[in-house]
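# Architecture at a glance
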Amino acid sequence: MMRTLVVVPTYNEAESIRPIIARIRTAVPDADVLVVDDGSPDGTGGIADELAAADAHVSVLHRARKEGLGAAYLQGFARAIDHDYDAVVEIDADGSHDPGELPAMLALLESAPADLVIGSRWVAGGSVVNWPGARRAISRSGNRYARWMLRSRIHDMTAGFRAYRTSALRGLDRAVVSSQGYCFQVELAWRVEAAGGTVLEHPIAFVERETGRSKMHAGIVAEALARITVWGLSTRVGRAPGRVSAR
Ligand SMILES: Nc1nc2c(ncn2[C@@H]2O[C@H](COP(=O)(O)OP(=O)(O)OP(=O)(O)O)[C@@H](O)[C@H]2O)c(=O)[nH]1
Ligand SMILES: [Mg+2]
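Residues numbered from 1 in each chain as written. Chains lettered and ligands numbered in written order. Predicted model: local features only at pLDDT ≥ 70, side-chain atom pairs only at ≥ 80, totals over all residues.

### Some remarks on helix α5 (residues 133-149)
- In this model α5 runs 24 Å from its N-terminal to its C-terminal C-alpha over 17 residues, within 8% of the 24 Å that 1.5 Å per residue would give.
- One or two steps after α5, the chain reaches R151, where phi turns positive at roughly 50°. (Helix = DSSP H or I, 4+ residues; strand = E, 2+ residues; numbered from the N terminus. Expected span 1.5 Å × (residues − 1).)

### Quick word on unusual backbone geometry
- In this structure, P113 follows A112 across a cis peptide bond, with omega equal to -15°.
- If you trace the backbone, P113 turns up in the loop between α4 (102-111) and β5 (116-120).
- Positive phi, close to 55°, is recorded for N12, a residue that is not glycine.
- Overall, N12 belongs to the buried group, with 20 C-beta atoms counted inside 10 Å. (Buried ≥ 20, exposed ≤ 12 C-beta atoms within 10 Å, placed from the backbone.)

### Thoughts on the site of ligand 1
- If you check the shell around ligand 1, you find 21 residues, and the closest are P9, D38, A72, A93 and S214.
- Of all the elements in the fold, those that place two or more residues in the shell around ligand 1 are β1 (4-10), β2 (32-37) and α3 (69-82).
- Split by residue class, the shell around ligand 1 holds seven nonpolar, five polar and nine charged. (Near = placed C-beta within 6 Å. Nonpolar A, V, L, I, M, F, W, Y, C, P; charged D, E, K, R; others polar.)

### Let's talk about the sheet that holds β1
- In space, the seven strands of this open sheet follow the order β3-β2-β1-β4-β7-β5-β8, with mixed pairing throughout. Both outer strands of the open sheet, β3 (58-62) and β8 (199-203), are each paired with one neighbouring strand and no more. Strand-to-strand twist across the sheet, computed as the mean angle between neighbouring axes with direction ignored, equals 20°.
- Bridge count between β5 and strand β7 (residues 162-165): three bridges; the pairing is antiparallel. Looking across to β7, one finds that I118 is bridged to R162. (Pairing = 2+ DSSP bridges. Axes fitted to C-alpha atoms, helices over the stretch in contact; angles between N-to-C directions.)

### Observations regarding the packing of α5 against helix α7 (residues 218-236)
- As a packed pair, α5 and α7 sit with axes 9 Å apart at the nearest point and diverge in direction by 15°. Comparing their axes, α7 and α5 come out roughly parallel. Helix-helix and strand crossings are classified by hand; for α5 and α7 the assignment is left-handed. Contacts between α5 and α7 involve I138, G142, Y145, A146 and M149 from the former and V221, A224, L225, I228, T229 and G232 from the latter.
- Per-class residue counts for the contact of α5 with α7 are eight nonpolar, three polar and no charged. (Parallel < 35°, antiparallel > 145°, perpendicular 65-115°, else oblique. Left-handed = near helix turned anticlockwise from the far one by under 90°. Contact = placed C-beta atoms within 7 Å.)

### Observations regarding the environment of G70
- Along the chain, the position of G70 falls in helix α3.
- Each C-alpha atom of the pair G70 and P9 lies 9.4 Å from the other, and the pair is 61 residues apart in sequence.
- If sequence neighbours within four positions are ignored, G70 has contacts with V177, S179, Q180 and F184.

### Topic: the nonpolar core
- Ranked by internal contacts, the top residues of the largest apolar core, which has 63 residues, are V6, V7, V33, V88, L116 and A189.
- It is α3 that provides the largest number of residues to this core, a total of seven residues.
- Setting aside anything within four residues of it in sequence, one finds V88 in contact with L5, V7, F77, A80, Y164, T166 and L169. (Core = buried A, V, L, I, M, F, W, Y, C linked by C-beta atoms within 7 Å.)

### Looking at α7
- Taking 1.5 Å per residue, 19 residues should reach 27 Å; α7 reaches 27 Å between its end C-alpha atoms and fits that length.
- If you check which residues of α7 are buried, you get A224, I228 and W231. Projected onto a plane normal to the axis of α7, the buried residues spread over an arc of 65° and lie on a single side. Relative to its buried face, α7 has exposed residues pointing more than 90 degrees away, namely A218, G219, A222, A226, L233, S234 and R236.
- Against α5 and α6 (184-194) lie the buried residues of α7. (Arc of directions from axis to C-beta.)

Listed below in C-alpha cells is the structure:
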C-alpha cells in the first residue's frame, strides 16, 4: 500500500473530531492522520491532542489563528512532502465524507494510476444527502460553470474529499496557490489537470453535517465564480498562472 497521510482540517469541530478520527483509523489502519487545527475556540485542538497521545498514527498541527481551509491544507501537504508520504488525503472533519470510501479511492490512485482521485457527487453513482434544493442547484451549476470556463473534464471541482499522489503537489506552495477561500479546491484540481496529471472521479454520497455550524455563505460562492472567470479568461489569452509539473 502507498504510505498515506490523511489531513483533517478543523475549526470548531469539538463534537465531530473523535468520531471522524475513529472512522478514519478503522477504514485505513495503516495510514497516518494529521489534524490541522486553527486554534479552534471550542477546544477541538485539545481533544485532538488527547487522541494523538493515545495513538501513534495520529498527530496534530496547531496553527495560531484561523487562516482558512487552503492555508491549513498547504501546511499539511508540506508535512506529507517532507516526510515522504506517497499519498495525501483531504477529508472534512464534520462527517460529510465517509472514510469507508478511502480504500477504494487509494486503490484507484495507486493502480490506475492517477495523480488525483476526487470523491465526486456529480458523476453517475454520486449523490448528496440532506441538502436543500437551492444548495444542490448552486453546487451543480457552479461545477458546470467551472468545467466549461476552465475547459476541465472534472464534474466535481469543488469537492473536498480527495486523494493526491504527493508528487503532484510538489511546487504548489503559497506563492502558486492564490485562493484563500473554498475555491482552493477548484484551483488545485485545475492545476493538477492543467499540468497534465491524471484526475479520476470516484462516486461518493456526500452527507450534510449534522452538528456544528455551516461556514457556507453567499460571499464564498461569489468569490469562487469571480476567480473561476478570471482564470478561465486568462487561460484563453494565454496568460495562465505558472503551471506545476504533475510528477
Ligand atoms: N484548519 C482550518 N479548518 C477549517 C477552516 N475552515 C473550515 N475548516 C474545516 O474544513 C472542513 C470543511 O469545512 P465546512 O465548514 O464543513 O465546510 P462545508 O462542508 O463547505 O460547509 P458546511 O459543512 O455546510 O459547513 C471542516 O473540517 C472544517 O472544520 C479554517 O479556517 N481552518
Ligand atoms: Mg462540511
